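# A structural walkthrough
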Amino acid sequence: MNKLTSYTIKKIHKSYIEKILTPTSFIDLCLQKAKQASELNAFVTLTVEEAENHGIESEKRLYIDKNVKPLEGISIGIKDNFCTKNISTTCASNMLRNFVPTYDATVYSRLRQAGACLIGKCNLDEFAMGSGTIDSIFGPTRNPWGYRKNDDKWRIAGGSSGGSAVAVSSGACVAALGSDTGGSTRNPAALCGVVGLKPTYGLVSRYGLIPLVNSMDVPGIIARTVEDVTAVLNCIAGPDELDSTTLKRDFNPIVMKELDMSKIKIGIPKEYNCVGMSKDVLETWQYVTKLLKNEKTMIRSVSLPNTSVSIAVYSILNQCEVASNMARYDGLEYGLRANEDYSTEELYASSRSQGFNNVVRWRIFAGNYFLLARNYDKYFIKALKLRRLISNDFKNVFNGEDSVDLLLTPTTLTDAPRYEDFVSKHNRDQCAFQDYCTQPANMAGIPAVSIPVRLSNDNLPVSLQLMGPCLSEDLLLNVARKIEQLVNFQHTHNF
Amino acid sequence: MNYISTIISYNKLQIIKSAVRNLCLKNLSTRQAQPIDHKEENVRVDKNTLALLERLSLVKCDSTEGLTVLEDSIAFANKILHINTDNVDPLYSVLENENVYLRNDVVTQGDCQKDILKNAVLKEDDYFVAPPGNIPLQEIQIDKKEQETKS
């Protein structure tokens, strides 16, 4: 093994057993990599001390107790909107700049129980509101693809989990957790050439994930291979007493297996081909469809008629839930407290104005407008009704006559935009464009995975998305792995 | 109620399906879905509404840009209003058909006063500290303006 980006969990464990590598030496390599790639700005906090301690613990379990846990000695990054006990958790916002949680998010404690080692907390758009990882108080995250030192023509990482995607893409971590409300895990994974999974709503606990949109948020998983994503999912999925919205049935770990592709029916939803989609993306979509046809997979054109309004419906629901969720930040119990003592309301208003960036404040405003007594039915209830129609679109193609097992679509409309082009647009316009293909899955609560396929004309990754019905992760990930084998994507950037 | 709308959308689906069944992917490039355009309509939010939103949000909208963004968000949202949703129930949660249970009403956590107070900037003994309440925000802003004009 020569390059960090070629390390998979299986290979690492094999090397541990053959003692070509040890957990402490591997974690050290990962930390070095993270420091060496610091100009990409993937991390808000590098947890050097924790990483070294976790590595030592893994080494002891491995060589003294002879007990190999599923993620033993595996380096991970966690998006900085998951609570980690005694490790600052900022949401990339001034509001939480000094916030140190006193408890762990369930997903993090499960990763630790599985033997994983924390390298650091990853950068994001403030409170995960964005699709570029450019709106962070710690500055934007840069995409390793096409990156040259001292060149201001760099590409964005996508978002809002851009730090997590870059941590994995650059080799600093084997896997990372993001969160996915409208595509925030799949979008940066797609632009950075790694695999990104949004699980079924309720399959993975949200306890300790600082909420954005409660009815759509899910923890997401990013890794370089489908198999590694699956290994992480197997460790974190399943019911959690601390999150009442987790599904109360046992989760059966997913096993990677050879599939008879001729028995799989894949739908191509025609509404996902929208204005603004680049030629590279369209051709990549056709390319994989052809590869699947060669495998005798049944390919069928299908229709999800409400797709084009989904983004506007999503935008209303997002802003309404944001307005409600952000009400908790008042500066009294935790978070930024302004220097005001005239009245409680004055303190609240000043703290919130100083603590939130414009994007957050404006979403709160719009959300409260839609929630006004006179607008509640007109916008909020209307959007929830349309949400049912969007969700029914999926039910119709996955059930009923002429049903398909999975859907194949692009993840993003283009490859990674240049930073200067991206910031010339407003946050809402950025999201309305970038989330077009990803947010419908959140509206319906269904699982979706983004897989890198090949490089665009500008030598940037182009990825496709597979979606399936609720709790179809087993089929979804096995078909994703098949596509991964067929396209054989290579991590060829300079990091 | 849903039954009817399901039948209608199902029938529509069948028509579309039979129309596109034999289309190959190449045709996709000529039939692109149009993302909704949101720039046509002019929406105005009056001063009273803005003041109300500021009070409800407890955030100051101290720029004209903020107002423009709000009006633009409303214009974008208005694009869904014409769609027929008669006899469709709102979808509040995708877990509506799941049995999401309630836990027993027993104490499972406690003795964490230190933890809870740990992240507060100001505290006195074992309490959070807040300035005087019951003074609405608008009043303060008017007071301040008066003071400014006096001085």
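Residues numbered from 1 in each chain as written. Chains lettered and ligands numbered in written order. Predicted model: local features only at pLDDT ≥ 70, side-chain atom pairs only at ≥ 80, totals over all residues. Heavy atoms only, no water.

For chain B, an unreviewed UniProt entry supplies the name Glutamyl-tRNA(Gln) amidotransferase subunit C, mitochondrial and the organism Chilo suppressalis. According to its UniProt record, chain B has this under Sequence similarities (unreviewed entry): "Belongs to the GatC family." Looking at the Function (unreviewed entry) heading of the UniProt record, one finds this comment for chain B: "Allows the formation of correctly charged Gln-tRNA(Gln) through the transamidation of misacylated Glu-tRNA(Gln) in the mitochondria. The reaction takes place in the presence of glutamine and ATP through an activated gamma-phospho-Glu-tRNA(Gln)." (UniProt positions renumbered as here; feature names shortened; annotations may be inferred.)

As recorded in an unreviewed UniProt entry, chain A goes by Glutamyl-tRNA(Gln) amidotransferase subunit A, mitochondrial and comes from Chilo suppressalis. Its UniProt record gives chain A a comment under Function (unreviewed entry), which states: "Allows the formation of correctly charged Gln-tRNA(Gln) through the transamidation of misacylated Glu-tRNA(Gln) in the mitochondria. The reaction takes place in the presence of glutamine and ATP through an activated gamma-phospho-Glu-tRNA(Gln)." Quoted verbatim from the Catalytic activity (unreviewed entry) field of the UniProt record, the comment on chain A reads "L-glutamyl-tRNA(Gln) + L-glutamine + ATP + H2O = L-glutaminyl-tRNA(Gln) + L-glutamate + ADP + phosphate + H(+)".

Let's shift gears to the overall build of chain B. Looking only at helices and strands, chain B features five helices and two strands. Within chain B, the proportion of its 151 residues that are buried is 29%. Across chain B, every contact between residues at least 6 apart in sequence was considered, and the portion connecting residues at least 24 apart equals 63%. Accessible surface, chain B as shown: approximately 10900 Å² in total, 51% of it carbon and sulfur. (Helix = DSSP H or I, 4+ residues; strand = E, 2+ residues; numbered from the N terminus. Buried < 20%, exposed > 50% of the residue type's maximum accessible area, 1.4 Å probe, protein only. Contact = heavy atoms within 4.5 Å. Areas by Shrake-Rupley, 256 points an atom, 1.4 Å probe, with all protein chains shown as cover.)

Another point: the packing of helix H4 (residues 106–113) of chain A against helix H7 (residues 226–236) of chain A. Residues and elements named next belong to chain A. At a minimum axis distance of 8 Å, the contact between H4 and H7 shows a crossing angle of 110°. Overall, the two elements H4 and H7 adopt an arrangement that is roughly perpendicular. For the pair formed by H4 and H7, the contact residues are Val107, Arg110 and Leu111 on the first element and Val232, Cys235 and Ile236 on the second. Class assignment for the residues of the contact of H4 with H7 results in five nonpolar, no polar and one charged. (Axes fitted to C-alpha atoms, helices over the stretch in contact; angles between N-to-C directions. Parallel < 35°, antiparallel > 145°, perpendicular 65-115°, else oblique. Nonpolar A, V, L, I, M, F, W, Y, C, P; charged D, E, K, R; others polar.)

Residues and elements named next belong to chain A. Counting across every chain of the model gives 19 salt bridges over all chains. Across the pair Glu420 and Lys153 runs a salt bridge whose closest N-O atoms are separated by 3.3 Å. One end of the pair, Glu420, is in helix H13 (residues 419–422); the other, Lys153, is in the loop between strand E3 (117–122) and helix H5 (162–169), and 267 residues separate them in sequence. Between Lys279 and Glu283 there is a salt bridge, with the nearest N and O atoms lying 3.3 Å from each other. (Salt bridge = Lys/Arg side-chain N within 4 Å of Asp/Glu carboxyl O.)

Once that is clear, we can look at the packing of helix H11 (residues 358–371) of chain A against helix H2 (residues 47–57) of chain B. Where H11(A) contacts H2(B), the two axes come as close as 9 Å, and the packing angle between them is 110°. On the basis of their axis angle, the class for H11(A) and H2(B) is roughly perpendicular. Every residue of H2(B) that contacts H11(A) at Ile364(A), Phe365(A), Asn368(A) and Tyr369(A) is listed here: Thr49(B), Leu53(B), Glu54(B), Leu56(B) and Ser57(B). For the contact of H11(A) with H2(B), the per-class residue count stands at five nonpolar, three polar and one charged.

This part covers the packing of aromatic side chains. Centre-to-centre distance and the angle between the planes together describe a pair of aromatic rings. Residue and element names in this part refer to chain A. Counted by the stated rule, this structure contains 15 aromatic pairs over all chains. Note on Phe127 and Phe356: the rings are 5.8 Å apart at their centroids and 75° apart in plane angle, and the pair reads as edge-to-face. One end of the pair, Phe127, is in the loop between E3 and H5; the other, Phe356, is in the loop between helix H10 (344–355) and H11, with 229 residues separating them in the sequence. Comparing Phe127 with Phe356, the two get one shared label, buried. Where Phe370 meets Tyr379, the ring centres are 4.8 Å apart and the plane angle is 50°; that geometry is what we call tilted. There is no split in this pair, since Phe370 and Tyr379 are both buried. Through a chain of ring-to-ring contacts, the aromatic side chains of Phe99, Phe127, Tyr329, Tyr334 and Phe356 assemble into a single cluster. The ring of Phe433 carries Lys425 above its face, with NZ or CZ at 4.5 Å from the centroid. We note Arg454 situated over the ring of Tyr287; from NZ or CZ to the ring centre the distance is 4.5 Å. (Phe/Tyr/Trp six-rings, centres within 6.5 Å; stacked < 30°, edge-to-face > 60°. Lys NZ or Arg CZ within 6 Å of the ring centre and 35° of its normal.)

It is worth spelling out the side chain of Thr411(A) at this point. Residues and elements named next belong to chain A. Mapped onto the fold, Thr411 is located in the loop between strand E9 (406–410) and H13. A relative accessible area of 0% places Thr411 in the buried class. A distance of 3.0 Å separates polar atoms of two side chains, one belonging to Thr411 and the other to Ser450. For Thr411, the side chain forms a polar contact with the main-chain nitrogen of Gln465, separated by 3.4 Å. Beyond its immediate sequence surroundings of up to four residues, Thr411 is in contact with Arg186, Asn187, Ala190, Gln434, Cys437, Thr438, Ser450, Ser463, Leu464 and Gln465. (Polar contact = N/O pair within 3.5 Å; in protein donor to acceptor, adjacent residues only side chain to side chain.)

Okay, the state of the cysteines next. What the rule picks out here adds up to zero disulfides over all chains. Of the cysteine sulfurs around Cys91(A), a residue in no disulfide, the closest is that of Cys83(A), at 7.9 Å. (Disulfide = S-S within 2.5 Å.)

It is worth spelling out the interface of chain A and chain B at this point. Taken together, the contact between chain A and chain B spans 87 residues of the former and 79 residues of the latter. Here chain A packs against chain B, burying approximately 7900 Å² in sum over the two surfaces, 62% of which is carbon and sulfur. Taken as a group, Trp362(A), Phe365(A) and Arg388(A) account for 10% of the area that chain A buries against chain B, more than any other trio of residues on that side. Seen at the junction of chain A and chain B, the total is two salt bridges. A salt bridge links Glu98(B) to Arg249(A); its shortest N-O distance comes to 2.6 Å. Secondary structure elements with two or more residues in the side of chain A that touches chain B: helix H8 (279–294), helix H9 (307–325), H10, H11, helix H12 (376–398), helix H14 (427–434) and helix H15 (439–444) of chain A. (Buried area = accessible area lost by both parts, 1.4 Å probe.)

Turning next to the nonpolar core. Nonpolar side chains in soluble globular proteins tend to end up buried together. Residues and elements named next belong to chain A. Counting residues in hydrophobic clusters, the biggest one holds 172 residues, and the most contacted among them are Phe26, Phe127, Leu233, Phe394, Leu408 and Leu466. At eleven residues, H12 tops the list of elements feeding residues into this core. Beyond its immediate sequence surroundings of up to four residues, Phe127 is in contact with Cys91, Ser93, Met95, Leu96, Ile210, Leu212, Met326, Tyr329, Phe356 and Val360. In terms of nonpolar packing, the next biggest core, distinct from the first, is built from five residues, Ile134, Ile156, Leu191 and Ala416 among them. (Core = buried A, V, L, I, M, F, W, Y, C linked by side-chain atoms within 4.5 Å.)

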